[in-house]
Amino acid sequence: MDQRTFHLLAKPTGATCNLDCSYCFFLSKEQLYPGSRFRMDDAVLEAWVRQLLEAHPDGDVVLAWQGGEPTLMGLPHFEKAVSLAESGRRPGQRVLYTIQTNATRLDDDWARFFHDNAFLVGVSLDGPRELHDRHRLTKGGSGSFDQVRAGWDHLQRHGVQTNILCTVHNDNAAHALPIYRFFRDDLGARHLQFIPVVERVTDDQAARAAEGWGSTAGAPRPLYTQAGHRAAPRSVSGPAWGRFLIAVFDEWLRHDVGSVFVQAFDVALAARFGRHELCIHAPTCGDAPALEHNGDLYSCDHYVEPGHRLGNILDTPLADLVAGPAQRAFGRAKQDSLPGQCRRCDVLAYCQGGCPKDRFATTSDGEPGLNHLCEGYLAFFRHIDPWLAFMAGELGAGRAPAGAMAEAARHDARLAAAVAATSRNGPCPCGSGRKVKHCHGRR
């Protein structure tokens, strides 16, 4: 069997977390394992590391941790994982380490370990204090911003490679520039991911979802599965998601190309060259399975639910489960279920329909399977397409894409001159269809 590369997310503590974020549906996954201590034992750890190395060809192999909150395992778990990986890798393999954490438990010992082993540490942070503390709460119901900032500062002092993961929801979507500038200017972050919060719920779940998934809400927490045709109130809408991405892109384009790296923009530029570097915007998926603390393997981090359990790596080799018929069917379904409206869309090459978990809307002609965020993706990709074309041209000519910043300055100067020469009641030269006084001539 050919070796198939894949990116596995390990959850050594399952859904267990020291925070109680109101939008975190994953907290409910603890119901899959009643009575469990939610700690990955040595047998599962050793099987995971050994099988992951065996399943991959020479080159880079990634050990990736997520949660819940993976640091609840304690440093010895990670020290053993690194030791197993370094002693078990083949001479032609290089092991890369990455962890996504809420950073509230990090101290100098953690930061020193991450630095010494070249970990890439993703920190979950939803913007400045007033936005972050809206939903990212402790078990006692208070905000977690100060603890996260302290963890971030430990990482910076030790020179750890870092990445910010910011969720975008109904409460912070209108604050794109303050969020981006906070990350760039206050934190000094140079690698950013923005993830839309889309909580898909059934009619029966709607009331409980509105309260939040945290344990501080009143009603019992049901097991969350990807079902239903409604979005919980915290979910970002399609138009708001598009406006958020466009606002960040326009700021980045004019100031930060080549110095700040935003995953959504990098992935879109790669798509211009036919490379699909993120499952959400790839034609098919299925190469990002999730490993639970007891060795159970699921099709995807978003599909940790009974219908998508592939098996257990203590019983069946990891490579066989990933290459097996159930997982290959799961991956193909992303493309096979794409509505006709998407197949005909002018931004299909960028979007590819988005993540299957968010495809619960209907198209203009009533076909199911449209992405909840479609309107936003459509606006965003159309907005950035000419700029990505320019950057692709620069790369093709052997120049850095940062030249787009100078081109944007020239574009802005031409537009300003055209606006100045147009009546305030005339159509804006930008092509928006609005009057100048309601667009670029707004005072």
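See above for the structure.
Source: prediction; values computed, not measured.

## Points about the pattern of salt bridges
Thought 1: Here the structure, examined in full by the defined rule, presents 29 salt bridges.
Thought 2: The partner of Asp-171 in a salt bridge is Arg-134, with the nearest N and O atoms 3.5 Å apart. One end of the pair, Asp-171, is in the loop between strand S5 (161-168) and helix H6 (176-186); the other, Arg-134, is in the loop between helix H4 (129-132) and helix H5 (145-157), with 37 residues separating them in the sequence.
Thought 3: Residue classification places Arg-134 among the partly exposed residues on the basis of a relative accessible area of 39%.
Thought 4: A salt bridge links Arg-181 to Glu-251, with the shortest nitrogen-to-oxygen separation between them at 3.0 Å.

## As for the environment of Glu-277
Thought 1: Among the secondary structure elements, Glu-277 is positioned in the loop between helix H9 (263-272) and strand S10 (290-291).
Thought 2: The partly exposed category is assigned to Glu-277, whose relative accessible area is 49%.
Thought 3: Along the sequence, Glu-277 and Gln-352 sit 75 residues apart, while their C-alpha atoms lie 12 Å from each other.
Thought 4: Discounting residues that sit within four places of it in the chain, Glu-277 has contacts with Asp-266 and Ala-270.

## Considering the environment of Gly-214
Thought 1: One can find Gly-214 in the loop between helix H7 (206-211) and strand S8 (230-231).
Thought 2: As for Gly-214 and Ser-142, which are separated by 72 residues in sequence, their C-alpha atoms are 12 Å apart.
Thought 3: For Gly-214, the contacting residues outside a window of four places in its chain are Asp-20, Cys-21, Ser-22, Leu-27, Arg-208 and Arg-221.

## Observations concerning the pairing of S5
Thought 1: Summarising burial for S5: seven of the eight residues are buried, a large majority.
Thought 2: Here five bridges tie strand S4 (residues 119-124) to S5, and the two strands are oriented parallel to one another. When the bridges of S5 are listed, Val-123 appears paired with Ile-164.
Thought 3: Taken together, the five bridges between S5 and strand S6 (residues 191-196) define a ladder with parallel strand orientation. Counterpart to Ile-164 in the pairing with S6 is Leu-192.
Thought 4: Traced from S5 through H6 to S6, the parallel crossover comes out right-handed.

## Focus on the packing of aromatic side chains
Thought 1: Under the counting rule described, the total for this entry stands at 24 aromatic pairs.
Thought 2: Ring centres of Trp-110 and Phe-114 lie 5.6 Å apart, and the angle between their planes is 35°; on these two criteria the pair is classed as tilted. Pair noted here: Trp-110 and Phe-114 are both in helix H3 (residues 108-116), with a separation of four residues, about one helical turn.
Thought 3: Phe-114 sits in the buried class, given a relative accessible area of 0%.
Thought 4: When the centroid spacing of 5.1 Å and the interplanar angle of 45° are considered together, the rings of Phe-114 and Phe-119 count as tilted.
Thought 5: Over the ring of Phe-26 we find Lys-11, and its NZ or CZ is 4.0 Å from the ring centre.

## Quick notes on the packing of helix H1 (residues 42-55) against helix H2 (residues 75-88)
Thought 1: Following both chains from N to C, one finds H1 and H2 inclined at 35°, their axes separated by 10 Å at the closest point. In this structure, the crossing between H1 and H2 has a hand that is right-handed. On H2, the residues touching Asp-42, Leu-45, Glu-46, Val-49 and Leu-53 of H1 are His-77, Lys-80, Ala-81, Leu-84, Ala-85 and Gly-88.
Thought 2: Among the residues forming the contact of H1 with H2, the class breakdown is six nonpolar, two polar and three charged.

## Description of the sheet that holds strand S9 (residues 261-262)
Thought 1: Taking strand neighbours across the sheet as the criterion, the 10 strands line up as S9-S6-S5-S4-S3-S2-S1-S10-S11-S12 in an open arrangement whose pairing is mixed. Both outer strands of the open sheet, S9 and strand S12 (309-312), are each paired with one neighbouring strand and no more.
Thought 2: Sheet contacts for H6: S5, S6 and S9; angle to S6, the most-contacted strand, approximately 150°.
Thought 3: Against the sheet, helix H8 (residues 238-255) makes contact with S5, S6 and S9, and its axis sits at roughly 165° relative to S6, the strand it touches most.

## What about the layout of surface pockets?
Thought 1: Its boundaries defined by the atoms lining it, the second largest pocket holds a volume of some 720 Å³.
Thought 2: Along its surface, the second largest pocket is lined by 18 residues, and Ile-246, Asp-250, His-383, Cys-430 and His-440 are the ones closest to its centre.
Thought 3: Of all the elements, H8 adds the most residues to the lining of the second largest pocket, at five residues.
Thought 4: Of the residues assigned to the lining of the second largest pocket, the class counts are eight nonpolar, four polar and six charged.

Cut-offs and rules
Residues numbered from 1 in each chain as written. Predicted model: local features only at pLDDT ≥ 70, side-chain atom pairs only at ≥ 80, totals over all residues. Heavy atoms only, no water. Salt bridge = Lys/Arg side-chain N within 4 Å of Asp/Glu carboxyl O. Helix = DSSP H or I, 4+ residues; strand = E, 2+ residues; numbered from the N terminus. Buried < 20%, exposed > 50% of the residue type's maximum accessible area, 1.4 Å probe, protein only. Contact = heavy atoms within 4.5 Å. Pairing = 2+ DSSP bridges. Right-handed = clockwise from strand over helix to strand, strands pointing away. Phe/Tyr/Trp six-rings, centres within 6.5 Å; stacked < 30°, edge-to-face > 60°. Lys NZ or Arg CZ within 6 Å of the ring centre and 35° of its normal. Axes fitted to C-alpha atoms, helices over the stretch in contact; angles between N-to-C directions. Left-handed = near helix turned anticlockwise from the far one by under 90°. Nonpolar A, V, L, I, M, F, W, Y, C, P; charged D, E, K, R; others polar. 1 Å grid on protein atoms, 1.4 Å probe; cavity = no way out; pocket = protein on both sides within 12 Å on 5 of 7 lines; lining within 4 Å. Points joined across faces, edges and corners; volume = space filled by probe spheres on them.

Honestly, that's just the spatial picture; any functional story needs more than this.
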